[in-house]
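Geometric and topological summary
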Amino acid sequence: MPADSEAIAEQVFIALADPSRRAILAALAAEGPATATDLAGRLPITRQAIAKHLALLAEAGLVTAEPGERRRVRYRLRSAPMQVAQQFLAALARDWDSPLGALKDHLDRDARKDATIPRGEDRDGTADQGR
C-alpha cells in the first residue's frame, strides 16, 4: 500500500476510534447531510462537541463541509477515505487467510485421525494405559 494510502487509512482509523464520531457518521449515513445543530438534536452530544468531532472527521476526509443557507454549514459523508481503509483491511485479511486456512486444514486432519483411532488406543496405535 502506498505511503499516502497508509496515511489516509491511519486518519480514518483514528477518526473511527471514537464512538461519538462513529455515531455522527452513522447519523449522516442514515439521514443524509446535516448541520452540527441538526446532529446535536439527534444525538446525545453537545453541539460544541459535535463541531469538534466534525472538524476531525473533515480532516480525515470522511465528511465535507458544504455552505448552506444563512451561513449554516451542512456536512456530507465522503466514502473515498473509507474505501482506502477497507482496502488496507482487505490486504491484511488476505495475509491472514493462508495461515488460518493451513491451521484449519491441520486441525481437520487431526480430528479425522482421532475419529478413526479405535477406542482404548493412542494415536500411535498402542494400547491406552489409562493415562
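Details of the structure are given in the entry above.
Report follows, based on the coordinates.

A look at the packing of helix α2 (residues 19-31) against helix α4 (residues 47-59)
- It is at 10 Å that the axes of α2 and α4 come closest, and there the two elements cross at 80 degrees. Taken together, the axes of α2 and α4 lie roughly perpendicular to each other. Contacts between α2 and α4 involve S20, R21, I24 and L25 from the former and I50, H53, L54, L56 and L57 from the latter.
- Each residue belonging to the contact of α2 with α4 can be placed in one class, and the counts come to 6 nonpolar, 2 polar and 1 charged.

Some points on the pattern of salt bridges
- Taken as a whole, this structure holds 5 salt bridges when the rule is applied.
- R72 is the salt-bridge partner of D38, the closest N and O atoms lying 3.5 Å from each other. Separated by 34 residues along the polypeptide, D38 in helix α3 (residues 36-42) and R72 in the loop between β1 (63-67) and β2 (73-77) bring together distant segments of the chain.
- Accessibility expressed as a relative area gives 27% for D38, which makes it partly exposed.
- Taking relative accessible area as the criterion, R72 reaches 34% and is therefore assigned partly exposed.
- Where K104 meets D108, a salt bridge forms, and the shortest distance between an N and an O atom there is 2.8 Å. Of this pair, K104 and D108 are both found in helix α5 (residues 80-116), 4 residues apart, which corresponds to roughly one turn of the helix.
- Bridged by salt links that share partners, the residues D38, R72 and R74 form one connected network.

Things to note about the packing of aromatic side chains
- One pass over the full model with this rule turns up 1 aromatic pair.
- Plain terms: the ring middles of F13 and F88 are 5.8 Å apart, the flat faces sit at 55 degrees to each other, and that makes the pair tilted. Taken as a pair, F13 in helix α1 (residues 3-16) and F88 in helix α5 lie far apart in primary sequence, 75 residues in all.
- A relative accessible area of 29% means that F13 is categorised as partly exposed.

Some words on the pairing of β1
- Alignment of β1 against β2, held across 5 bridges, turns out to be antiparallel. Within the sheet, the bridge partner assigned to P67 lies in β2 and is V73.
- With antiparallel pairing between neighbouring strands as the criterion, β1 and β2 make up a hairpin whose turn holds 5 residues, including R70 at a positive phi of roughly 50 degrees.

A closer look at the side chain of H53
- Mapped onto the elements of the fold, H53 is located in helix α4.
- A polar side-chain atom of H53 sits 3.3 Å from a polar atom in the side chain of R21.
- Contacts of H53, omitting those with residues within four sequence positions, involve D18, S20, R21 and I24.

Parameters at a glance
- Residues numbered from 1 in each chain as written.
- Predicted model: local features only at pLDDT ≥ 70, side-chain atom pairs only at ≥ 80, totals over all residues.
- Heavy atoms only, no water.
- Axes fitted to C-alpha atoms, helices over the stretch in contact; angles between N-to-C directions.
- Helix = DSSP H or I, 4+ residues; strand = E, 2+ residues; numbered from the N terminus.
- Parallel < 35°, antiparallel > 145°, perpendicular 65-115°, else oblique.
- Contact = heavy atoms within 4.5 Å.
- Nonpolar A, V, L, I, M, F, W, Y, C, P; charged D, E, K, R; others polar.
- Salt bridge = Lys/Arg side-chain N within 4 Å of Asp/Glu carboxyl O.
- Buried < 20%, exposed > 50% of the residue type's maximum accessible area, 1.4 Å probe, protein only.
- Phe/Tyr/Trp six-rings, centres within 6.5 Å; stacked < 30°, edge-to-face > 60°.
- Pairing = 2+ DSSP bridges.
- Polar contact = N/O pair within 3.5 Å; in protein donor to acceptor, adjacent residues only side chain to side chain.

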